[in-house]
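# Architecture at a glance
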Amino acid sequence: GDSVTQMEGPVTLSEEAFLTINCTYTATGYPSLFWYVQYPGEGLQLLLKATKADDKGSNKGFEATYRKETTSFHLEKGSVQVSDSAVYFCAPLSGSARQLTFGSGTQLTVLP
Amino acid sequence: EAQVTQNPRYLITVTGKKLTVTCSQNMNHEYMSWYRQDPGLGLRQIYYSMNVEVTDKGDVPEGYKVSRKEKRNFPLILESPSPNQTSLYFCASRTSGRGDEQYFGPGTRLTVT
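Residues numbered from 1 in each chain as written. Chains lettered and ligands numbered in written order. Predicted model: local features only at pLDDT ≥ 70, side-chain atom pairs only at ≥ 80, totals over all residues. Heavy atoms only, no water.

Before going further, it helps to examine the overall build of chain A. Summing up its helical and strand segments, chain A has 0 helices and 11 strands in all. In chain A, the succession of α and β elements from N to C terminus is β-β-β-β-β-β-β-β-β-β-β. Here the C-alpha radius of gyration of chain A, 13 Å, is about what a compact globule of 112 residues would show, namely 13 Å. Taken across its 112 residues, chain A has 47% of its residues classed as buried. Of the contacts made within chain A by residues no fewer than 6 positions apart, 56% connect residues no fewer than 24 positions apart. Counting only carbon and sulfur atoms, one obtains 48% of the accessible surface of chain A, whose full area is about 5000 Å². For chain A, the centre of its 8 positive side-chain charges and the centre of its 11 negative side-chain charges are spaced 9 Å apart. (Helix = DSSP H or I, 4+ residues; strand = E, 2+ residues; numbered from the N terminus. Rg over C-alpha atoms; globule rule 2.2 N^0.38 Å. Buried < 20%, exposed > 50% of the residue type's maximum accessible area, 1.4 Å probe, protein only. Contact = heavy atoms within 4.5 Å. Areas by Shrake-Rupley, 256 points an atom, 1.4 Å probe, with all protein chains shown as cover. Lys, Arg positive; Asp, Glu negative; His and termini not counted. Charge placed at Lys NZ, Arg CZ, Asp CG, Glu CD.)

Here is the structure:
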């Protein structure tokens, strides 16, 4: 089945710093790739997605590019804000999988 | 408004006392799932359902039951809760489309003493 390896957390950054959270996956065929975000006390919500190779998903200043050759979907943001403090989950969904497979999550804390 | 609702949001109970956590979605989604979230373990799937009367085990199904009698509802049943089921539980739903978003409920914080 699908599997995903996510960058270990927690990650602590100062406001306006550059963010990268690494994600690599194992899946059959051409999976769709998702990043979900969980703000404190809330459920998960979709941050961005990409459904085919070389696609770039983007939202709220975050970006991730579907790299099939390296089976990666790293999350980046050029200048983080305190409000970006949350837990971030990478998740592939292949055609053979019946459900999303979530990474372990990366806790991000942004300090003012 | 498209949403997944769960009830209750918080529950404290004792070992062995049967409980049900309800989940409902208003988006006519085929797929529904239950997850538990524990520190250091991320999100683990308990059960999922691909449509009415079709359910299957996820990664950690022991001690849980589900049913899908109607498309919108997917209750999670703990017949005899134990302290190791103390966790944060999320219900989720999505369409069968591979590129479609999965919607999550707000979570149910369960404590079993």
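Still more ground to cover, so stick around.
Put simply, the largest pocket is a space of about 550 Å³. Around the largest pocket, the lining comprises 27 residues; the ones closest to its centre are Gln-38 and Val-87 of chain A together with Gln-37, Pro-39 and Leu-88 of chain B. Taken together, the elements giving at least two residues each to the lining of the largest pocket come down to strand 10 (86-93) and strand 11 (106-111) of chain A together with strand 4 (31-38) and strand 11 (108-112) of chain B. When its residues are assigned to classes, the lining of the largest pocket shows 10 nonpolar, 12 polar and 5 charged. (1 Å grid on protein atoms, 1.4 Å probe; cavity = no way out; pocket = protein on both sides within 12 Å on 5 of 7 lines; lining within 4 Å. Points joined across faces, edges and corners; volume = space filled by probe spheres on them. Nonpolar A, V, L, I, M, F, W, Y, C, P; charged D, E, K, R; others polar.)

Another aspect to go through is the state of the cysteines. Per the counting criterion, the structure on display carries 2 disulfides over all chains. In this model Cys-23 of chain A forms its disulfide with Cys-90 of chain A; the gap between the sulfur atoms is 1.9 Å. On the S-S bond that ties Cys-23 of chain A to Cys-90 of chain A, the torsion sits near -65°, and the link is left-handed. With a gap of 67 residues between them, Cys-23 of chain A in strand 4 (residues 23-26) and Cys-90 of chain A in strand 10 connect regions that are remote in the sequence. Looking at Cys-23 of chain A, the relative accessible area reads 0%, which means it is buried. Cys-90 of chain A gets classed as buried once you look at its relative accessible area, which sits at 0%. Each sulfur of the disulfide joining Cys-23 of chain B and Cys-91 of chain B lies 1.8 Å from the other. Here the disulfide of Cys-23 of chain B and Cys-91 of chain B is left-handed, its torsion about the S-S bond being about -70°. One end of the pair, Cys-23 of chain B, is in strand 3 (residues 19-25); the other, Cys-91 of chain B, is in strand 9 (residues 87-94), with 68 residues separating them in the sequence. (Disulfide = S-S within 2.5 Å.)

Bringing the packing of aromatic side chains into the picture now. Two aromatic rings are characterised by how far apart their centres lie and by the angle between their planes. As enumerated under the stated definition, the model contains 10 aromatic pairs over all chains in all. Here Tyr-35 of chain B and Phe-104 of chain B contribute two aromatic rings whose centre-to-centre distance is 5.8 Å and whose plane-to-plane angle is 40°, an arrangement assigned as tilted. Taken together, the positions of Tyr-35 of chain B in strand 4 and Phe-104 of chain B in strand 10 (residues 103-104) put the pair 69 residues apart, joining distant regions of the chain. A residue is classified by how much of its surface remains accessible, and Tyr-35 of chain B, at 1% relative accessible area, is buried. Here Phe-104 of chain B falls in the buried class, since its relative accessible area comes to 10%. Between Tyr-64 of chain B and Tyr-89 of chain B, the ring centres sit 5.9 Å apart and the planes meet at 65°, which makes this aromatic pair edge-to-face. Placement of the pair is Tyr-64 of chain B in the loop between strand 6 (54-57) and strand 7 (65-66) and Tyr-89 of chain B in strand 9, with a sequence separation of 25 residues. In this structure, Tyr-64 of chain B and Tyr-89 of chain B share a single accessibility class: buried. Here the aromatic residues Phe-34, Tyr-36, Phe-89 and Phe-102 of chain A together with Tyr-35 and Phe-104 of chain B are joined through ring pairs into a cluster of three or more. (Phe/Tyr/Trp six-rings, centres within 6.5 Å; stacked < 30°, edge-to-face > 60°.)

Another point: the sheet that holds strand 9 (residues 75-77) of chain A. Residues and elements named next belong to chain A. Pairing is antiparallel in the open sheet, where 4 strands are placed in the order 3-9-8-7. Looking along the sheet, the strands with just one partner apiece sit at the ends: strand 3 (19-21) and strand 7 (56-59). In this sheet, adjacent strand axes meet at a mean angle of 20° when their direction is disregarded. (Pairing = 2+ DSSP bridges. Axes fitted to C-alpha atoms, helices over the stretch in contact; angles between N-to-C directions.)

So, on to the interface of chain B and chain A. Tallying the contact residues gives 22 residues for chain B and 22 residues for chain A. The contact between chain B and chain A buries some 1700 Å² in all, and 51% of this surface belongs to carbon and sulfur atoms. For chain B, the biggest contributors to the area lost against chain A are Leu-43, Arg-98 and Phe-104 of chain B; these three give 33% of the whole. Taken together, chain B and chain A are joined by 0 salt bridges. Breaking the side of chain B that touches chain A down by element, the ones donating at least two residues are strand 4, strand 5 (42-51) and strand 9 of chain B. When residues in the side of chain B that touches chain A are grouped by element, the largest group, 5 residues, is from strand 5 of chain B. (Buried area = accessible area lost by both parts, 1.4 Å probe. Salt bridge = Lys/Arg side-chain N within 4 Å of Asp/Glu carboxyl O.)

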